[in-house]
Amino acid sequence: MNNGSGERRNNSGSRIRTIEIVNRSLPGRYRAERRFRLYGLLAVIASLTFLSLLLVSIFVKGYTAFWQTAIRLDVTFDPEVFTPKTVQTADYHGLVARSLGGLFPEVEGRSARRELNALVSTGAVFQLRRLAMDNPEVIGRTVSVWVPADDDVDMWFKGHFDQEGAAGRGRLSERQVAWLERLAAEHRIQKRFNHSFFTSGDSREPELAGIWGAVVGSFYTLIVTAVLSFPIGVAAAIYLEEFAFKNRWTDLIEVNINNLAAVPSIVFGLLGLAVFLNLFGLPRSAPLVGGLVLSLMTLPVIIIASRASLQSVPPSVREAALSVGASKVQTVMHHVLPLALPGMLTGAIIGMARALGETAPLLMIGMVAFIVDIPRGFYDPATVLPVQIFLWADSPERAFVERTSAAIVVLLAFLLLMNAAAVILRRRFERRW
Amino acid sequence: MSPASLLVVLLLLSSFAYYLGRRRAFAVAGKIGGSRHLHSRPTYYGSLTALSCAVPALLVFGAWIAFEDNVITSLVLSDLPQSFRNLPEERLSLVINDIRNLVNGNIVSSRPEPSILTAAARYREYMDISHKALTAFTLSAAGLSMVVVARRISPALRARNYVERALVVFLVACSTLAIFTTVGIVFSVLFEALRFFKAVPLSEFLFGFQWSPQIAIRADQVGASGAFGAVPVFVGTLLITLIAMVVAVPIGLFSAIYLSEYAHRKFRDVAKPLLEILAGIPTVVYGFFAALMVAPFVRRAGEYFGLDVASESALAAGLVMGIMIIPFVSSLSDDVINAVPQSLRDGAYSLGATQSEAIKHVVLPAALPGIVGSILLAVSRAIGETMIVVMAAGLAANLTLNPLKAVTTVTVQIVTLLVGDQEFDSPKTLAAFALGLVLFLVTLVLNIIALHVVRRYREQYE
């Protein structure tokens, strides 16, 4: 280029002007080049900032929920009240109140005592009953027990009330804070690992609410989804890729599958509501129906992934099998499918990960119910992790913000696990032809 | 025998049938000099026998289970005293519910009358008979066809062909499930929507400006007239979608350009999967993020500038939805930009273009149809998104274009109309299906156009 324009420059004056124009415009063009490049970089940085902002803010809000404030009480199981016969029905409320009163003998009057008792969660009663029923030897002795504190106490002790008015104590009264400070000075108040968050179902009391019920519900729902969508999806992909002739019928199926993959998820919820609940009369809130709806949603994803995986198996494999006398079905089942299966599994895991995070269609089929019990089967009312998050996000208590974030951390951990499994599977079975 | 254990028995019986068929095949082959004289390998004879055992039995089983409940209910009803049979339909269904609850040992609404108790006992009796009959029919169907097929096994029987044909039929059935799902969606939504349009005229729904789906329960109730003009809902949806696209399109497009044209290979290998994480995060998480972090931030920022921002604003929901959509725009655009042949870029460079000029004047115009397709897909995704707007956009159907106000969207209204107690003959509930129909049709049309545009474009260079 330089050579050509250089030669002409000697002969013609107008050419010199052109190159000057070009040279003069060059700095501006380079600036535009740098600007354009900067915009691109800023866009990437912006999206990565959003990602880290989202993850960090949720983690920062949520990790404290893995610890739960507990208060150490000295509980005396009076052998006259707690006999093997009465151990189930005895007055554990009174027991908690007496133990607290023992710590603060100077507290008099009904309202003061009520405020004192409010420091301890209602879950303490159940904890003490379980203790007495499981270990009869405690009866007649005084034992020191860590019981969960009320959620307001929990929030105060974790310092969540710092920025929020009312002298930084939320709904707690002034004397409650004074008692708590005394308890803290006596080392009777402590943050302990929050077992119940991982082992119990939902509750109206934040300090007792856990995700185990939702985890089990998610598990049952995903089992149904996997059992239905994986075999059917693989079968459909095999037919479309290996057996189907190109005609109007298969074109219709193909266009349909592509469109189904893009139908808004809530429409699948409407389908589930109208068909599975109203037409077939299946039970509401059941993992069975949730799984059915999610499998219809996941099916197109699995079909598309499985077809891509089948396509990547080279035709020479098929031709080799056919040439030694295998039938078409034998070729596919014995030679092509085993080679394509890892890719199909990867697609299935990714589809399942999406199903695990899905909320909207499950709202339609009634999986938003408040359910305390751990589901024990496919017909039991259940909720799933994302719906649990949705429910908690709506709760007014300050402590539920923390629980919601912690539940999100758990959900994201599961998703990360599934995606990691998909990546490992892909790496492990990746094959170049 | 309960249906579940019957299925287990059927499974065992089929395994036995497999074994039986295979053994018979060997026995038959033994007489004529070994299994190589058979038409198919012995396992195919086994599979054929197993199939002949399981398939008819399953057909009987399925049909029985499908009709069992209706038949028993009508039998029980015909046994009830006359006074019950004259009840209106809703009351009658309550009675049936009571009977079923009694049968299942659940809690019943009130103290059951003696006639209902006897009906429940009847119901249980019929169930018992039905299950016994089901067992007998299913097992005899299985056994009979198994024996018939097993007896027909001969060296000339084309077992492999039959088994393979059965398999292909199964594969076809699976792939048509997609069609059935679509038909199911269309019919279920359309059917309920038609019922809605009987109560509310289509023109009012499409062009009315007043949306307040609360229906008065009593005649004298105030403020619950029920108006179903969906324009405010559509406008709200479009507003939030617009905000989301304003966020997602530039960021997504520039990210795609940077990652595919400028970025160092190592940077790209890290940044691209990170960006795709954004697409994999459940939408309920975005909703929580929008409601808890972004909405208060938007409100405080608005107050700082002296603006009046609603606590649940379209802006907050749209911003977060835009973040969610970035990876859709970027990864699809990335694909089409990569598909533009290098020769076009080289041509531009050889004419003295800088890299950005080549991108702006050659690559982007060449990739434009594909980019438009990806944006359309992103739009349909935004219109159908539910959880972010449910958690962060409010419920009030304001007819406004002000992004600082609370607006509502189609998906939000579907959720609020259908969550909680429902009665399926009220326009309030049916309105959700009408909205669902609109949502389905709009996103379907967008998807079809987008897929068409993307595919059409891709073929150009291949």
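All residue numbers here refer to positions counted from 1 along the written sequence of the relevant chain. Chain A is the first chain written and ligand 1 is the first ligand written, with later ones labelled in order. With the structure being a predicted model, the display of local features is reserved for residues of pLDDT at least 70 and the display and counting of side-chain atom pairs for 80 or more, all residues being used for whole-chain, interface and lining totals. To obtain the side-chain values, all non-hydrogen atoms of the structure were included, while hydrogens and water were left out.

Draft legend 1. Broad picture of the overall build of chain A. Tallying secondary structure elements over chain A gives 18 helices and three strands in all. In this treatment the radius of gyration is a C-alpha quantity, and the globule benchmark scales as 2.2 Å times the residue count to the 0.38 power. Relative to the compact-globule value of 22 Å for 433 residues, chain A shows a C-alpha radius of gyration of 32 Å, a clear excess of over 25%. Along the longest, intermediate and shortest principal axes, the C-alpha atoms of chain A span 110 × 75 × 40 Å. Across the 433 residues of chain A, 50% fall into the buried class. Throughout, a contact is declared for two residues whenever any of their heavy atoms are within 4.5 Å. Sequence-distant contacts, at least 24 apart, represent 77% of the contacts inside chain A between residues at least 6 apart. A total of about 21,200 Å² of accessible surface is found on chain A, and carbon and sulfur atoms cover 59% of it. The sign given to each residue is positive for Lys and Arg and negative for Asp and Glu; His and the chain ends receive no count. The location of each charge is read from NZ of Lys, CZ of Arg, CG of Asp or CD of Glu. If you average the places of the 44 positive and of the 36 negative side-chain charges in chain A, the two averages end up 12 Å apart. Helix and strand assignments come from DSSP, with helices taken as H or I runs of at least 4 residues and strands as E runs of at least 2, each series counted from the N terminus. Accessibility here uses a 1.4 Å probe with only protein chains present; expressed as a share of the type maximum, an area under 20% marks a residue as buried, one over 50% as exposed, and anything in between as partly exposed. Values of accessible area rely on a 1.4 Å probe in the Shrake-Rupley scheme; residue burial ignores everything except the protein chains shown.

Draft legend 2. Seen up close, the domain arrangement of chain A. Residues and elements named next belong to chain A. As annotated, the domain borders come from an automatic or database domain assignment. Domain boundaries assigned for chain A yield domain 1 (67–194) and domain 2 (211–429). Centre-to-centre separation of domain 1 and domain 2, based on C-alpha positions: 46 Å. Listed as interface residues are 10 residues of domain 1 and, on the opposing side, five residues of domain 2. Every case where a carboxyl oxygen of Asp or Glu lies within 4 Å of a side-chain nitrogen of Lys or Arg is listed as a salt bridge. At the junction of domain 1 with domain 2, the criterion picks out two salt bridges. Here Lys158 and Glu402 are joined by a salt bridge, their closest N and O atoms 3.0 Å apart. Polar contact is the term for a pair of N or O atoms within 3.5 Å; when the atoms are in protein, one must be able to donate a hydrogen and the other to accept it, and sequence-neighboring residues count only if both atoms are side-chain atoms. The interface formed by domain 1 and domain 2 holds three residue pairs in polar contact (both at pLDDT 80 or more) in total. Broken down by element, the side of domain 1 that touches domain 2 gets its largest block of residues, three residues, from helix 6 (residues 151–157). Here the nonpolar group is Ala, Val, Leu, Ile, Met, Phe, Trp, Tyr, Cys and Pro; Asp, Glu, Lys and Arg are the charged ones; every other residue, Gly included, is treated as polar. Of the residues contributing to the side of domain 1 that touches domain 2, the split by class is two nonpolar, three polar and five charged.

Draft legend 3. Spotlight on the interface of chain A and chain B. Every contact between the two is made by 73 residues of chain A and, on the other side, 76 residues of chain B. The quantity reported as buried area is the accessible area (1.4 Å probe) lost by two parts once they are put together, taken as the sum for both. Summed over both sides, the interface between chain A and chain B buries roughly 6,500 Å², with carbon and sulfur atoms accounting for 79% of that surface. Together, Phe36, Leu54 and Leu270 of chain A form the three largest contributors to the area buried by chain A at its contact with chain B, with a combined 10%. One can count one salt bridge joining chain A with chain B. Between Arg29 of chain A and Glu357 of chain B there is a salt bridge, and its shortest N-O distance comes to 2.8 Å. Ranked by residues supplied to the side of chain A that touches chain B, first place goes to helix 2 (residues 13–62) of chain A with 22 residues. Per-class residue counts for the side of chain A that touches chain B are 55 nonpolar, 13 polar and five charged.

Draft legend 4. Just the UniProt feature "domain: ABC transmembrane type-1" (unreviewed entry) in chain A, in detail. UniProt positions are given in the numbering used here, feature names are shortened, and annotations may be inferred rather than shown by experiment. The positions UniProt marks with the feature "domain: ABC transmembrane type-1" (unreviewed entry) are residues 215–422 of chain A. Each end of residues 215–422 of chain A is marked by a C-alpha atom, and these two atoms are 21 Å apart; helix forms 76% of the span and strand 0%.

Draft legend 5. Just the packing of helix 2 (residues 42–79) of chain B against helix 6 (residues 159–199) of chain B, in detail. All names here are of chain B. Helix axes are fitted only over the stretch in contact, all axes being lines through C-alpha atoms; the angle between N-to-C directions runs from 0 to 180 degrees. At their nearest, the axes of helix 2 and helix 6 sit 8 Å apart, and the two run at 50° to each other. Regarding the angle of helix 2 to helix 6, the classification is oblique. With respect to the hand of their crossing, helix 2 and helix 6 are arranged in left-handed fashion. On the side of helix 2, the interface is formed by Tyr44, Tyr45, Ser47, Leu48 and Leu51, while helix 6 contributes Ala159, Arg160, Tyr162, Val163, Glu164 and Ala166. Among the residues making up the contact of helix 2 with helix 6, the classes are represented as eight nonpolar, one polar and two charged. By definition in this entry, angles of less than 35 degrees are roughly parallel, angles greater than 145 are roughly antiparallel, angles of 65 to 115 are roughly perpendicular, and the rest are oblique. The handedness criterion is simple: a crossing whose near helix is rotated anticlockwise from the far helix by less than a right angle is left-handed, and one whose near helix is rotated clockwise is right-handed.

Draft legend 6. Up close: the environment of Val216 of chain A. When you line up the elements, Val216 of chain A lands in helix 10 (residues 212–243). Beyond its immediate chain neighbours, meaning those up to four positions away, Val216 of chain A contacts Ile374 and Pro375 of chain A.

Draft legend 7. Quick peek at the side chain of Gln413 of chain B. By secondary structure assignment, the location of Gln413 of chain B is in helix 15 (residues 410–418). One polar contact links Gln413 of chain B to Thr408 of chain B, side chain to side chain, over a distance of 2.8 Å.

Draft legend 8. Broad picture of a positive patch on the surface. Positive charge collects at one region of the surface, where Arg31, Arg34 and Arg35 of chain A together with Lys360 of chain B lie side by side. It is helix 2 of chain A that contributes the most residues to the positive patch, three residues altogether. As for its position among the elements, Lys360 of chain B is in helix 13 (residues 355–384). Think of a patch as exposed residues, more than 30% relative accessible area, with no salt bridge, where like charges cluster within 9 Å and nonpolar side chains (Val, Leu, Ile, Met, Phe, Trp, Tyr) cluster within 5 Å.

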